[in-house]
Amino acid sequence: MSDQHPTTASTPTTTPSSRVPDKVSLDGLEDRWDAAWAEQRTYAFDRSRGRDEVYSIDTPPPTVSGSLHVGHVFSYTHTDVVARFRRMRGAEVFYPMGWDDNGLPTERRVQNYYGVRCDPSLPYEPGFTPPHEGGDGKSIKAADQLPISRRNFVELCERLTVEDERQFEALWRRLGLSVDWSHGYQTIDARARAVAQRAFLRNLERGEAYQAEAPGLWDVTFQTAVAQAELEARDYPGHFHRVAFHGTDGPVHIETTRPELIPACVALIAHPDDERYQHLFGTTVRSPLFDVEVPVLAHTAAEPDKGAGIAMCCTFGDLTDVQWWRELQLPTRSVVQRDGRLLRETPEWLTTEAGRTRYAELAGKTTFSARAAVVDALRESGDLDGEPTPTQRKANFFEKGDKPLEIVTSRQWYIRNGGRDWDGRDLRAELLARGQELGFHPDFMRVRYENWVNGLNGDWLISRQRFFGVSIPLWYPVTVDGEVDHDHPIVPDEAMLPVDPSSDVPAGYTEDQRGVPGGFVGEADVMDTWATSSLTPQIAGGWGWDDDLFARVFPMDLRPQGQDIIRTWLFSTVVRSHLEHDSLPWRHAAISGWILDPDRKKMSKSKGNVVTPMGLLEEHGSDAVRYWAASARLGTDAAFEVGQMKIGRRLAIKVLNASKFALGFGAGDATTPDPAAVTVVLDRAMLAGLADVVDRATEALEAYDHTRALELTETYFWTFCDDYLELVKDRAYGSADAAPSADTVSARTALALALDTLLRLLAPVLPFATEEVWSWWKEGSVHRAPWPEAAPLRAAAGDADPAHLAAAGRALATLRKVKSEAKVSMRTEITSATLAVPTALLPLVEATAADVRSAGRAYDLRLEADPSLDEGEEQALQVRGAELVPAEPKPRR
RNA sequence: GGGCGAUUGGCUCAGUGGUAGAGCGCCUCGUUCACACCGAGGAGGUCACUGGUUCGAACCCAGUAUCGCCCACCA
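Here's what I pulled together on the structure shown here. Treat the numbers as computed from the prediction; the structure is a model and nothing was measured.

This paragraph deals with the overall build of chain A. Helices and strands together make up the secondary structure of chain A, namely 27 helices and 29 strands. Along the first, second and third principal axes, the C-alpha set of chain A runs to 115 × 65 × 60 Å. Out of the 893 residues in chain A, the part that is buried amounts to 55%. Of the contacts formed within chain A by residues at least 6 apart in sequence, a portion of 78% connects residues at least 24 apart. When the accessible surface of chain A is split by element, carbon and sulfur atoms take 50% of a total near 38,100 Å². Distance between charge centres in chain A, computed from 98 positive and 133 negative side chains, equals 4 Å.

This part takes up the pattern of salt bridges. Pairs can form between side chains of opposite charge whenever their charged atoms are close. Tallied over the full model, the rule gives 58 salt bridges. Between Arg-466 and Glu-107 there is a salt bridge; the shortest N-O distance is 2.6 Å. Placement of Arg-466 in the loop between β19 (463-464) and β20 (475-477) and of Glu-107 in helix α4 (residues 104-114) is noted, with a sequence separation of 359 residues between them. The pair Arg-466 / Glu-107 is uniform in exposure class, with both members buried. Arg-379 is paired through a salt bridge with Glu-387; the nearest N and O atoms lie 2.9 Å apart.

For soluble globular proteins, the rule of thumb is that nonpolar side chains tend to be buried together. One finds Met-686, Leu-687, Phe-720, Tyr-724 and Leu-751 to be the most contacted residues of the largest nonpolar core, which totals 97 residues. In terms of residue count, helix α20 (residues 706-733) provides more of this core than any other element does, 13 residues in total. Counting residues in each nonpolar core, the second largest holds 83 residues, with Trp-413, Tyr-414, Leu-438 and Val-499 among its members.

With that out of the way, let us pick up the environment of Thr-366. Looking at the element boundaries, Thr-366 is found in the loop between α8 (353-362) and α9 (367-381). Sequence separation between Thr-366 and Gly-666 is 300 residues; the distance between their C-alpha atoms is 81 Å. In contact with Thr-366, not counting residues within four places along its chain, are Gly-340 and Arg-341. Reaching out from Thr-366, the side chain makes a polar contact with the side chain of Ser-369 at a distance of 3.0 Å.

Glancing now at the packing of aromatic side chains. On inspection of all chains with the given rule, the structure shows 24 aromatic pairs. On the basis of an interplanar angle of 20° and a centroid distance of 5.5 Å, the ring pair of Tyr-210 and Tyr-414 is categorised as stacked. In this pair, Tyr-210 is assigned in strand β7 (residues 209-219) and Tyr-414 in strand β16 (residues 406-415), connecting sequence segments 204 residues apart. For the pair Tyr-210 and Tyr-414, one class covers both residues: buried. Seen from their ring centres, Phe-717 and Trp-718 are 6.1 Å apart, and the 65° between their planes marks the pair as edge-to-face. By relative accessible area, which is 2% here, Phe-717 ends up buried. A connected cluster of aromatic rings, assembled from ring pairs, spans Phe-717, Trp-718, Phe-720 and Tyr-724. Stacked on the ring of Trp-774, the Lys or Arg Lys-778 has its end atom at 5.1 Å from the ring centre. For Lys-778, the ring lying beneath its charged end belongs to Trp-777, and the centroid distance is 4.4 Å.

All right, on to the packing of helix α5 (residues 150-175) against helix α16 (residues 613-620) then. Packed helices, taken two at a time, are described by their axes: the angle between them and the distance between them. Contact pair α5 / α16: the axes reach a minimum separation of 10 Å and the direction vectors enclose 30°. Between α5 and α16, the angle is such that the two are roughly parallel. For the pair α5 and α16, the crossing hand works out as left-handed. Across from Ala-170, Leu-171, Arg-174 and Leu-175 in α5, the residues of α16 making contact are Pro-613, Met-614, Leu-617 and Glu-618. Split into classes, the residues belonging to the contact of α5 with α16 amount to 6 nonpolar, no polar and 2 charged.

A word on the sheet that holds strand β8 (residues 224-225). Taken together, 4 strands build an open sheet; the order of strands is β8-β7-β16-β18 and the sheet is antiparallel. Looking at which strands have only one partner, the edges of the open sheet turn out to be β8 and β18 (460-461). Of the strand pairs in this sheet, β7 and β16 are connected by 10 bridges, and their pairing is antiparallel. By the bridge assignment for β16, Leu-217 is matched with Ile-407.

With that out of the way, let us pick up the pairing of β7. Counted residue by residue, β7 has 8 buried out of 11 residues, so it is predominantly covered. Both β7 and β8 contribute to a ladder of 2 bridges, which runs antiparallel. Its bridge partner being in β8, Asp-219 is matched across the sheet by Thr-224. What sits between β7 and β8 in their antiparallel hairpin is a turn of 4 residues, with Gln-223 showing a positive phi close to 50°.

Following the sequence through the fold, Thr-834 ends up in strand β27 (residues 830-837). Polar side-chain contacts of Thr-834 include one of 3.2 Å to the side chain of Arg-862. Residues within four places of Thr-834 in sequence aside, it is in contact with Leu-861, Arg-862, Glu-864, Gln-878, Val-879 and Arg-880.

So, about the sheet that holds strand β29 (residues 878-884). Note: strands within a sheet are paired through backbone hydrogen bonds, in either parallel or antiparallel orientation. Strand order in the open sheet made by the 3 strands is β28-β27-β29, with mixed pairing throughout. In this open sheet, the two edge strands, each paired with only one partner strand, are β28 (862-865) and β29. Taken over all neighbouring pairs, the strand axes of this sheet differ in orientation by 10° on average, direction set aside. Pairing geometry for β27 and β29, over 5 bridges, is antiparallel.

Reading the values: the criteria
- Residues numbered from 1 in each chain as written.
- Chains lettered and ligands numbered in written order.
- Predicted model: local features only at pLDDT ≥ 70, side-chain atom pairs only at ≥ 80, totals over all residues.
- Heavy atoms only, no water.
- Helix = DSSP H or I, 4+ residues; strand = E, 2+ residues; numbered from the N terminus.
- Buried < 20%, exposed > 50% of the residue type's maximum accessible area, 1.4 Å probe, protein only.
- Contact = heavy atoms within 4.5 Å.
- Areas by Shrake-Rupley, 256 points an atom, 1.4 Å probe, with all protein chains shown as cover.
- Lys, Arg positive; Asp, Glu negative; His and termini not counted.
- Charge placed at Lys NZ, Arg CZ, Asp CG, Glu CD.
- Salt bridge = Lys/Arg side-chain N within 4 Å of Asp/Glu carboxyl O.
- Core = buried A, V, L, I, M, F, W, Y, C linked by side-chain atoms within 4.5 Å.
- Polar contact = N/O pair within 3.5 Å; in protein donor to acceptor, adjacent residues only side chain to side chain.
- Phe/Tyr/Trp six-rings, centres within 6.5 Å; stacked < 30°, edge-to-face > 60°.
- Lys NZ or Arg CZ within 6 Å of the ring centre and 35° of its normal.
- Axes fitted to C-alpha atoms, helices over the stretch in contact; angles between N-to-C directions.
- Parallel < 35°, antiparallel > 145°, perpendicular 65-115°, else oblique.
- Left-handed = near helix turned anticlockwise from the far one by under 90°.
- Nonpolar A, V, L, I, M, F, W, Y, C, P; charged D, E, K, R; others polar.
- Pairing = 2+ DSSP bridges.

Structure follows, in structure tokens:
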């Protein structure tokens, strides 16, 4: 091919242009460059840099027991674009990746994969081999699962997650995330456990963590307490039952969806202003079937227009019951146990023979079968007024559970989060102020934070009755009477962390004192997964074990995440940082939107429409998929659209081909292009326009608006290819015989400057294609090259107006249109024609006429101003009297 | 019930006060000496609706409708 660009044919074979391949392709770029970046440590974090030189990112650690989906690829690409931009802008980017392998999903997966379950009462068995390896993913019945110790169970969790994490890393590398893989962490690893325990102990010391025995939301399937943030309200079918309580003056009807709780009834409650019930306040009624005497009370939380206007208050049917129970000092008569079944013993508050007999029939039943039994009994006794009427109600569910939550009383640990009063300190206001301080992108996402904080109705429940998690690092003394003294927890020294209270022994005790009078017991509960996840800036930054690093990266610059976890992850992280460091955990939060199906529904596995990310990357190429992701603004839901990936692929291929073309002129041969060599007005106009693009794209990226930057750059790149390259190619080729003229050198120099700039502008979105081109003619990685600046381009452009390029482009398009309408090839020569130009445009076209004539193959084109064209809205140019070389007769197929 | 966002050509989306834009798709044509994973040209929209402010509204204000999401709602 070298005979097509003679000026480079005579140059030595080591010139950059000779490094351009004959045939370019995107295939294989991902593997090749991923390996090269790893080998050259292109994205390694230089920890000698100070905090003011660092840009640190608190990357969301994906849940490894799940699978990555298209939404992850989407949002992680947004983060990577920011990381690459900041790195090129000169910041030392701290961009670690963690894995969230803590918590229930992993536990469940291990149970099914290995056929085991955790029984914390069992001793550790060294060298344990699980009964199954690589279960088929289907649920194994609890009865068929082998019980093993907590430590064995945790070991299996760790074994399984290592394999998952390997696959996740492979995907991220393929996607081109510029992560420094030497700074990884797992939310269950020893350092993360130590950080989580240390932070908890400090919360405890400052009075921010406390325990309380209280009614709370409880999942009967997982048998664990659940926090407000983990709730999900779902539609749940039920029935209204109109039930008669027995008053002295006749029946009092209430309506309930949960008749099985009648034995737990402690009062009937109506609004104090409700005329219908005035005469009953202060009296008592007797419950149907169980014949328990309960008072009729007034409380403003009762709503006259709901149901019968008078409610049955049970311990506990819902959160309003809890409120009444607390504020009206009602007795506790719980019948629902932690396993979701009714008490097996007949409660002592059922005193009549008939009532006790009725209850015995319900004892041990699930709430569902107890309800059916109660309804039958009510119907039989005549206390059911009419038949139950179906209703759709909302019930609270644990987000991972499938049965409605019950409310049971238990001892739990809490961290203050502003949801409850705290000794005159207004933590809620402090956290709202932090929300104001944080830069949300887009800004309106702050409202979700504020809504959540304002809607909190309790402190953060962090204890969970599970096994695979970070232990609450406490023991309790056992009195000589054998009672566990929860009020005086035994605290480990921070140097001991992490500890497992079920196998480690507190200072001053020996293992044989475990569980015996005068000895100790370990806290059995683990912390909520968010109690660890809320500390990712501290975990990734090395808080407590690498404080030098921590000082260089904290508070971090950016938290990227989804809008769905503002109330959980973002908020809880702000809480921990505020309490521990009296600061925000990061300055900015970049919130990505959802990926939606073409039919505008959120993509979900159940719909069977999930595309595997790796398959997507393999099919379209990583740059193409990144382009699709980067085309969507932060906070905006985006359609899953293969078409957009194809456009991205086309752009990446165009980058390769246009670069190859420009470099083929010898544009890249000069080590340092001399801006002073750019003398032709068209070349200078192109650079002037590019300088504007650099300014505007930079401004957009600084404002976390990557789509705007991409759009600006992409649009200019296509103008560069379609118009500028076409206009200058004859001039850039130069003459085969002579040394390059000044005009030729001008074109080549401008091409070099433009290509250099455009590659750097596109590098954050298309890291593979741009790196490939960069390697043809530059040293080092484009991803470590400085972000382009407008000033050098303006210096080369002088006072040239970008309008020159626009005018020349329009003149060329007008000539093309003539050929298109004449249905001839674009290569057809226009032997004679006049181009009529609006008056204002004439000087611009004249100044670029040589390139226009050349590119349009209209070597004798005459130019004239035509004032009549000035009037039109389009300011259209017109070709008049065109004579074309007759087209060759086309052979019919 | 409260809140947030969206509604622009067939599709996906830009455009935040000054005469409607892009890409895809479509139509017509061309082309293989950067690029068939191609190029050129063209058609196509009363900017959801109703009022208002303004010389002028896709854009600002008020209201309505539809869609999505968050929160509250278990009698």
